[in-house]
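Below, each chain spelled out in residue letters.
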Amino acid sequence: LGQNPPWYAQGSYSAQTAWNTIVAYNNTSAPRYVDTFWLYVAHNGTQGYGNIYVDNIRFTCVPNTPTPTPTPTTTPTAVAETYKIRFSNELGQTASGWSSGEIGYIETGVQIVGEAFQIQLNAPSPQNAFNRVMVNGADPQYIYFFKADGTSSSVTIVYPPELNKPNFAVNVTAGGCLTVNNNGLPRTIVCNWATPAQYPVHAIVHELGHVFTNRSIIANSTNIDESTRGLLYAAIASTYSGICTPAFNNANNPNPFAEMVFDVSRCESINDSRGQNGIVMGRLVGGAWVRGERGWGSGPDNIFTEFQQHPLDFTLFLNDPPDTVVDETAADMFLNWVYRRRTNNPPTYRTTVPGIWEGFRNQEWSNNGGGSDDFNYPGDARFEWMNRVMNQIFTLKGW
Amino acid sequence: MNTANAQMFRSVLLIILLSVLMINTGHAQETPQTILNRPPLAVLDIQYSPDGRYLARVYAEGRLEVLDTSTNLLVLEDSIELPNSLERARVDWSPSVDRLAAGIGAQVYIWDVANWRLLETVQAGRGEPLVYFEDGSYIPEGFVSLQWDSTGTLLMAQSVSSRYTVWSTDQQAFIVDQVIGNNPVPIVWLADDRHISNGDSVFDIYNQTPVFVQLSPQRLTGVVSNCGPYSSIASNSDRTQIVRATIYRCIAIQDAFTGDEIAGYQITPGWPEGISGIAVAEYMNPIWDVSWSPDDRTIIAVDSLGAVRVVHVATGMVTLIAQQDGPLYVVDWADDNSAIAYGGNTQAEAAIFATVSVAEVEQLMATEARQPEFAITPATDR
């Protein structure tokens with residue numbers, strides 16, 4: 001590539017590893033990111049970091065289309081050093097052993113999130129984008145993935161000795177995952193897997209949604225949701241209470257929801273193409289809050305599916321308290337946004353039913369696992385609303 | 001309370017006591033779904049006839065009653081058999097008081113006032129008795145809005161299932177019949193008898209594509225930030241202004257045609273000081289109904305915590321008129337300016353129905369009025 005302008009490659013590189021991840025760019029007009037590729041480059045001599053003679057080495061291009069059953073293609077160490085994530089078994093917790101397949105699921109989930117952030121930030125690489133948003137400035141500088149063996153829902157997280165952190169007991173349903181965002185502890189994703197969850201990559205992206213929510217805290221906000229739970233939580237909470245938090249208030253200048261295609265949607269509600277009459281998420285006129293059963297990437301909401309990792313009507317979740325409902329909805333909205341952002345760039349609205357992208361789709365899932373076309377565009381409405389919310393979060397956080 | 005009202009009150013008490021004895025035990029049967037409805041004896045709507053001669057009221061169990069306000073005697077009593085007690089029902093008198101429309105269940109019943117004969121039954125709701133909502137609940141089919149146009153020939157109805165109809169009594173046909181959305185936001189006629197409004201968008205019954213046209217109204221920031229979604233709507237005497245009330249005890253007065261907000265008042269604090277975030281949802285208290293005085297100078301509102309308050313339109317001054325032990329769903333200010341009537345149900349699920357003379361209301365306003373939590377206009381809004 002380096003010998004054939006306008007293409008050039010850029011990525012992190014480590015002389016100690018055999019495999020590196022590189023992103024292709026095209027600078028025909030102005031240098032710009034073209035697409036996300038995995039370039040698995042067999043190291044064959046370089047002249048130092050950032051100055052690889054690419055024409056002298058072997059490489060394989062893998063388009064960034066999603067892979068439902070991903071196969072790990074890099075060693076854990078390589079990815080862990082690229083993305084700031086660490087696995088329990090590589091940090092001395094031999095009893096908490098991730099299998100290579102499980103590590104592959106996690107890496108794929110992290111990569112998918114990184115790609116969405118890269119598009120959002122116009123960042124040089126998914127790793128750069130992921131680390132900026134999810135890790136940089138944290139202590140320690142990584143997300144800790146802890147594996148439990150799935151035999152009991154009582155799980156004790158053990159941290160690497162060098163962190164000198166106490167063990168932390170949590171309750172994680174066998175087969176499920178949970179995110180620990182406790183102040184003073186590393187941000188931790190614990191999966192209680194005897195065997196991996198039904199949709200392990202989506203589960204990881206959902207959990208990363210909880211990490212993102214916590215990372216979006218604005219500590220000096222006067223609003224308790226923004227200052228203790230995070231901006232993404234606050235955005236969903238605005239639909240729950242019907243009162244906008246300061247970050248998302250329509251009265252702000254500029255209004256974060258100004259001139260939307262779905263022009264009735266505001267911080268308090270997501271409305272489809274029928275305006276006030278078509279609620280996707282928010283308070284109905286009778287007062288009840290609806291998370292909504294339309295516009296998700298899969299459904300229905302009483303079973304686990306790829307894009308509803310915490311379905312509200314699933315038996316186990318029927319008695320969730322309001323803050324859990326809001327928090328889990330935030331993570332599922334994040335999950336759907338991440339996938340749609342990667343596969344629908346630049347975003348389009350009201351063009352296709354149900355849509356060929358992943359994540360939010362224009363489908364109705366009420367008691368209907370197959371989904372049916374919804375020409376009121378609920379998936380697009382969710383996506384546009386989330387784009388506005390994420391734009392505001394990225395702006396306010398300065399990422 | 002004057003003599004007539006006291007007599008009426010005693011009559012009402014008797015009716016309530018009798019009604020308590022007649023509670024349909026069928027409602028205690030196990031139901032497979034979460035059904036959101038009101039207790040059978042809840043009073044869901046009340047309307048004085050424009051000439052003040054009659055008062056119509058409808059109960060959640062499907063019973064319709066019409067009182068002669070001069071004698072306090074029932075002149076009409078009719079019951080519709082329903083599988084579930086209702087969450088919403090509506091009544092409305094034609095402007096010339098020749099007809100009474102009652103939306104109960106999936107049907108609108110139109111009565112000839114001259115002889116209290118049922119003229120026609122119009123199926124303006126949908127076929128299923130229960131309407132599914134995406135929070136997983138079911139609400140019995142009923143009517144959120146029901147209103148005659150100013151000529152008394154067109155009857156607009158909006159069902160819980162989001163079916164919007166306009167029935168022409170001349171043509172004996174629907175001139176509008178559409179299902180729009182999944183959130184039946186209450187609607188009213190505008191003065192031109194052509195447009196129907198929910199305050200944010202309008203629907204032209206003679207040009208139904210697009211269905212609702214979004215307005216771009218001037219909103220008051222204070223209302224946007226503090227009041228939450230709307231829960232009820234009412235138009236003033238000439239239908240040029242509308243008032244919308246919210247789930248956090250606000251009322252906003254709007255130009256009916258542009259939707260511009262003219263004034264916004266929060267009647268009492270939406271939530272205690274120091275509360276923010278999702279916790280404010282615990283203090284939700286929808287104003288379930290509002291009604292203008294005939295001179296358009298005062299608005300009366302009832303809420304889910306049983307308060308009856310009047311608000312002076314020009315200043316926002318608020319007066320508590322009554323406090324009941326249970327949610328109130330309906331209030332009406334008689335067009336002859338004699339009295340107001342309101343209804344709901346007690347905590348023990350008995351009916352609440354009461355009237356207060358306007359003289360008494362005015363006396364309370366003179367002595368008990370207080371500043372609202374906030375009062376804003378375009379000039380003062382920041």
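Definitions and limits used
- Residues numbered from 1 in each chain as written.
- Chains lettered and ligands numbered in written order.
- Predicted model: local features only at pLDDT ≥ 70, side-chain atom pairs only at ≥ 80, totals over all residues.
- Heavy atoms only, no water.
- 1 Å grid on protein atoms, 1.4 Å probe; cavity = no way out; pocket = protein on both sides within 12 Å on 5 of 7 lines; lining within 4 Å.
- Points joined across faces, edges and corners; volume = space filled by probe spheres on them.
- Helix = DSSP H or I, 4+ residues; strand = E, 2+ residues; numbered from the N terminus.
- Nonpolar A, V, L, I, M, F, W, Y, C, P; charged D, E, K, R; others polar.
- Pairing = 2+ DSSP bridges.
- Axes fitted to C-alpha atoms, helices over the stretch in contact; angles between N-to-C directions.
- Parallel < 35°, antiparallel > 145°, perpendicular 65-115°, else oblique.
- Contact = heavy atoms within 4.5 Å.

I'd like a description of the layout of surface pockets, backed by residues and values.
What the largest pocket holds in volume is close to 1,200 Å³. Residue lining of the largest pocket: 46 residues in total, with Leu178, Thr179, Glu207, His210 and Glu328 of chain A positioned closest to the centre. Looking at the lining of the largest pocket, the elements with two or more residues in it are β12 (177-180), α4 (200-215), α5 (224-229) and α7 (322-343) of chain A. Ranked by the residues each element gives to the lining of the largest pocket, the list is headed by α4 of chain A, at 7 residues. Across the lining of the largest pocket, the residue classes break down as 20 nonpolar, 17 polar and 9 charged. The computed volume of the second largest pocket comes to approximately 910 Å³. Along the walls of the second largest pocket sit 42 residues, with Gln47, Asp92, Gln147, Ser235 and Asp332 of chain B positioned nearest its centre. Secondary structure elements with two or more residues in the lining of the second largest pocket: β2 (43-48), β6 (90-93), β12 (143-148), β20 (230-235), β24 (287-292) and β28 (328-333) of chain B.

Please give an account of the sheet that holds strand β10 (residues 130-132) of chain B that cites residues and values.
All names here are of chain B. Spatially, the 3 strands line up as an open sheet ordered β1-β11-β10, and their pairing is mixed. Unpaired on one side and paired on the other, β1 (34-35) and β10 mark the two borders of the sheet. In the sheet, β1 pairs with strand β11 (residues 137-140) via 2 bridges, with the strands oriented parallel. Counterpart to Ile35 in the pairing with β11 is Tyr138.

Please set out the sheet that holds β6 of chain B residue by residue, giving values where relevant.
All names here are of chain B. Strand order across the open sheet formed by 4 strands is β6-β7-β8-β9, with antiparallel pairing between neighbours. The open sheet has two free edges, formed respectively by β6 and β9 (117-123), since each of these has just one partner strand. Averaged over all pairs of adjacent strands, the angle between their axes in this sheet comes to 20°, without regard to strand direction. Strand direction decides the pairing type here: β6 and strand β7 (residues 99-104), joined by 4 bridges, are antiparallel. Bridging across to β7, Val91 finds its partner in Ala102.

Can you lay out the packing of helix α2 (residues 100-121) of chain A against helix α8 (residues 378-397) of chain A for me, pointing to particular residues and giving the numbers?
Residues and elements named next belong to chain A. The interhelical angle for the contact between α2 and α8, taken along N-to-C directions, is 75°, at an axis separation of 11 Å. The angle between the axes of α2 and α8 places the two elements in the roughly perpendicular class. Residue-level contacts link Phe117, Gln120 and Leu121 of α2 to Met390, Asn391 and Phe394 of α8. Here the contact of α2 with α8 is built from residues that sort into 4 nonpolar, 2 polar and no charged.

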